[in-house]
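One-letter residues, chain by chain:
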Amino acid sequence: MSVFIDIGSWVCIVLGAAFTLIGCIGLWRFPDVLSRMHAGGVTETLGVLLLFLGMGIQAFVILPETKMALLVAGKLLMIALFLFYTNPTTTHALAQAALWGGGDPETGEQKKDEGTSSKT
Amino acid sequence: MFEFAAAVTLISMAIIIAAALKGPTVYDRILAVNTFGTLSVILIALYGFLDGRPEFLDIAMVYALINFIATIAVTKYIKFSRLGRSVDVDEAEDI
């Protein structure tokens with residue numbers, strides 16, 4: 001039974017690391033500020049939550065005392081909840097600032113570059 | 001397997017630094033720095049498990065708090081050119 005818990009936590013950690021890498025590659029390759037935010041959301045929600053879930057399960061496997069493992073898992077849960085609530089807030093504020101000062105977003109239809117008034 | 005996750009996180013941090021240096025506008029750079037802070041939280045937590053000392057999670061929590069406050073502050077500074085009271089966008093241009 002504990003073997004399956006171990007394997008499940010490793011699957012969570014590997015999937016979280018993969019989603020983190022996918023989000024960072026998207027943030028490097030996407031053409032626009034808003035689409036880059038869309039790619040960065042993969043890192044900040046799915047990657048972080050899967051990695052911390054895997055680490056929280058792994059704490060009960062590694063640590064000998066249940067009390068200490070509960071403390072570690074509680075800290076991990078607090079960090080994950082904090083990131084889960086504050087990263088969309090940050091992205092919202094940044095998207096509003098980018099819409100205010102960064103010019104029009106790319107839509108794929110405008111090819112002539114005549115209406116783009118970029119201040120920065 | 002923690003080593004694998006830490007290595008992937010380090011590669012992601014290298015990509016993020018390159019994206020922060022590349023990004024054409026200031027908003028790309030702010031987004032990249034915010035993601036870099038999230039990745040450093042992950043890396044500190046992973047290092048605590050690698051070293052066998054879970055006290056590193058407290059440092060990771062402090063990093064998450066500082067990352068949020070810093071990104072909001074920088075965004076507000078870019079948008080309003082100040083950190084004090086919030087003004088309207090129309091007022092901010094003629095001060």
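Counting from 1, residues in each chain are numbered in the order their sequence is written. Naming scheme: in the order in which they are written, chains are lettered from A and ligands are numbered from 1. Local features in this predicted model are restricted to residues of pLDDT 70 or higher, and side-chain atom pairs are both shown and tallied only at a pLDDT of 80 or more, whereas totals for entire chains, interfaces and linings draw on every residue.

Caption draft 1: Layout of the overall build of chain A. A count of helices and strands for chain A gives three helices and zero strands. Comment: elements are numbered from the N terminus, with helices defined as DSSP H or I runs of at least four residues and strands as E runs of at least two. Moving toward the C terminus, one meets the helices and strands of chain A in the order α-α-α. Buried residues are those with 20 or more other C-beta atoms within 10 Å of their own C-beta, exposed residues have 12 or fewer, and partly exposed residues lie in between; C-beta atoms are placed from the backbone. Relative to its full complement of 120 residues, chain A shows a buried share of 34%. Contact criterion: two residues are in contact if their C-beta atoms, reconstructed from the backbone, are within 7 Å. Taking the contacts inside chain A whose residues are at least 6 apart along the sequence as the reference set, 60% of them involve residues at least 24 apart.

Caption draft 2: Broad picture of the overall build of chain B. Helix and strand counts for chain B stand at four helices and zero strands. When the helices and strands of chain B are read in sequence order from the N terminus, they spell out α-α-α-α. Put simply, chain B has 95 residues, and 34% of those count as buried. Considering only contacts within chain B whose residues lie at least 6 apart along the sequence, 41% involve residues at least 24 apart.

Caption draft 3: Quick look at helix α1 (residues 2-29) of chain A. Expected helix span is taken as 1.5 Å per residue step, with the number of steps being one fewer than the number of residues. Its 28 residues place the ends of α1 of chain A 41 Å apart at the C-alpha level, agreeing with the 40 Å of an ideal helix rising 1.5 Å per residue. Residues of α1 of chain A that are buried include every one of Ser9, Cys12, Ile13, Gly16, Ala17, Phe19, Thr20, Gly23, Cys24 and Leu27 of chain A, and no others.

Caption draft 4: Spotlight on the packing of α1 of chain A against helix α1 (residues 2-22) of chain B. Axes here mean lines fitted to C-alpha atoms, for a helix over just the part in contact, with angles spanning 0 to 180 degrees between N-to-C directions. Where α1 of chain A meets α1 of chain B, the axes come as close as 9 Å, and the angle between the chain directions of the two elements is 10°. Taken together, the axes of α1 of chain A and α1 of chain B lie roughly parallel to each other. On α1 of chain B, the residues touching Ile13, Ala17, Thr20, Leu21, Cys24, Ile25, Leu27 and Trp28 of chain A of α1 of chain A are Phe4, Ala5, Val8, Thr9, Ile11, Ser12, Ile15, Ile16, Ala18 and Ala19 of chain B. Lys, Arg, Asp and Glu make up the charged group, whereas Ala, Val, Leu, Ile, Met, Phe, Trp, Tyr, Cys and Pro make up the nonpolar group; the residues left over, Gly among them, are polar. Looking at the contact of α1 of chain A with α1 of chain B residue by residue, the classes come out as 15 nonpolar, three polar and no charged. Comment on the angle field: the value is read as roughly parallel under 35 degrees, roughly antiparallel over 145, roughly perpendicular from 65 to 115, and oblique elsewhere.

Caption draft 5: Local environment of the interface of chain A and chain B. Counting from both sides, the interface comprises 37 residues of chain A and, opposite them, 37 residues of chain B. The element contributing the most residues to the side of chain A that touches chain B is helix α3 (residues 66-101) of chain A, with 16 residues. When its residues are assigned to classes, the side of chain A that touches chain B shows 24 nonpolar, 10 polar and three charged.

Caption draft 6: The arrangement of the nonpolar core in detail. Think of a nonpolar core as buried Ala, Val, Leu, Ile, Met, Phe, Trp, Tyr and Cys residues, each tied to the set through C-beta atoms within 7 Å. Judged by nonpolar contacts, the single largest core of 45 residues is most densely connected at Leu51, Phe52, Met55, Leu76 and Ile79 of chain A together with Ile42 of chain B. At the level of elements, α1, α2 (33-62) and α3 of chain A together with α1, α2 (26-51) and α3 (56-80) of chain B are the ones that each hand at least two residues to this core. The greatest single-element share of this core, amounting to 11 residues, is contributed by α2 of chain B. Apart from the residues within four sequence positions on either side, Leu51 of chain A is in contact with Ile13, Gly16 and Ala17 of chain A together with Ala5 and Ile42 of chain B.

Caption draft 7: Inspection of the environment of Asn34 of chain B at higher detail. Within the secondary structure layout, Asn34 of chain B lies in helix α2. Each C-alpha atom of the pair Asn34 of chain B and Thr71 of chain B lies 6.4 Å from the other, and the pair is 37 residues apart in sequence.

Caption draft 8: Region of the structure containing the packing of α1 of chain B against α2 of chain B. All names here are of chain B. Contact geometry for α1 and α2: axes closest at 9 Å, N-to-C directions at 160°. Taken together, α1 and α2 sit at an angle that is classed as roughly antiparallel. For the crossing formed where α1 meets α2, the hand is left-handed. Residues Phe2, Glu3, Ala5, Ala6, Thr9, Ser12, Met13, Ile16, Ala19 and Ala20 of α1 form the contact with α2, whose participating residues are Arg29, Ala32, Val33, Thr35, Phe36, Leu39, Ile42, Leu43, Leu46, Tyr47, Phe49 and Leu50. Split by residue class, the contact of α1 with α2 holds 17 nonpolar, three polar and two charged. What makes a crossing left-handed is the near helix being turned counterclockwise from the far one by less than a right angle; a clockwise turn instead makes it right-handed.

Caption draft 9: Representation of the confidence of the model for chain B in the model. All names here are of chain B. Per-residue confidence for chain B averages 85 on the pLDDT scale, and 88% of its residues sit at or above 70. Ranking the elements of chain B by mean pLDDT puts helix α4 (residues 89-93) last, at 57, and α1 first, at 92. This prediction of the complex comes with two scores: 0.82 for pTM and 0.81 for ipTM. Every residue carries a pLDDT, the predictor's confidence in it, which falls somewhere between 0 and 100.

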